[in-house]
Amino acid sequence: YLEGDLESAESAYQASIKSAHVHKFIPEEALACELYGVFCVENQMIDKGHIQLHLALEKYRLWGATNKANQLQLFIDLVEPRYLQKLKLLED
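Residues numbered from 1 in each chain as written. Predicted model: local features only at pLDDT ≥ 70, side-chain atom pairs only at ≥ 80, totals over all residues. Heavy atoms only, no water.

S.K.: Can you lay out the nonpolar core for me, pointing to particular residues and giving the numbers?
M.R.: Counting residues in each nonpolar core, the largest one holds 20 residues, and the members touching the most others are Tyr 36, Phe 39, Leu 53, Tyr 60 and Leu 72. Those elements giving two or more residues to this core turn out to be helix 1 (6-22), helix 2 (26-42), helix 3 (46-63) and helix 4 (66-79). No other element matches helix 2, which puts seven residues into this core. (Core = buried A, V, L, I, M, F, W, Y, C linked by side-chain atoms within 4.5 Å. Buried < 20%, exposed > 50% of the residue type's maximum accessible area, 1.4 Å probe, protein only. Helix = DSSP H or I, 4+ residues; strand = E, 2+ residues; numbered from the N terminus.)

S.K.: Give a detailed account of the environment of Ser 16, specifying residues and quantitative values.
M.R.: With respect to the secondary-structure elements, Ser 16 resides in helix 1. On the basis of relative accessible area, Ser 16 is assigned to the partly exposed category, the value being 37%. The spatial distance from the C-alpha of Ser 16 to the C-alpha of Glu 29 is 7.6 Å, given a sequence separation of 13 residues.

S.K.: Residues and numbers for the packing of aromatic side chains, please.
M.R.: For the coordinates displayed, the defined rule picks out four aromatic pairs. Both rings, one in Tyr 13 and one in Tyr 36, keep their centres 5.7 Å apart while their planes meet at 25 degrees; by these two values the pair is stacked. With a gap of 23 residues between them, Tyr 13 in helix 1 and Tyr 36 in helix 2 connect regions that are remote in the sequence. On the numbers, 6.2 Å between centres and 20 degrees between planes, the contact of Tyr 36 with Phe 39 is stacked. (Phe/Tyr/Trp six-rings, centres within 6.5 Å; stacked < 30°, edge-to-face > 60°.)

S.K.: Could you give an account of the pattern of salt bridges, naming the residues involved and the relevant values?
M.R.: One pass over the structure, following the stated rule, counts three salt bridges. When the shortest N-O distance is used, the salt bridge between Lys 59 and Glu 29 registers 3.5 Å. Residue Lys 59 is found in helix 3, and its partner Glu 29 is found in helix 2; the two are separated by 30 residues along the sequence. Glu 29 carries the same exposure label as Lys 59, and that label is buried. Measuring nitrogen to oxygen at the nearest pair gives 3.0 Å for the salt bridge that ties Lys 68 to Glu 34. Here Lys 68, found in helix 4, pairs with Glu 34, found in helix 2; they are 34 residues apart in sequence, far enough to count as distant. Judged by relative accessible area, Lys 68 falls into the partly exposed class, the value being 27%. The exposure class of Glu 34 is buried, given its relative accessible area of 12%. (Salt bridge = Lys/Arg side-chain N within 4 Å of Asp/Glu carboxyl O.)

Here's what the structure looks like:
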């Protein structure tokens, strides 16, 4: 992520989401939210990532991308904070 510069990467994801939203590019907004969510989860920002993944899920459904939404839901279930706590991958 931008050669380890997580702050700049996070800003870039947020700018991408905002631009797609402003221009009403639903597929691009969904993808940007999903990628930002994965970035957050991978960088131990689980709650923030979970929110972004749910936003992506809403956008995919709005767009009509049912199969993609179903795939994303499976991933969301795996990174759900309570599930991660059970696996001892996340502190209480």
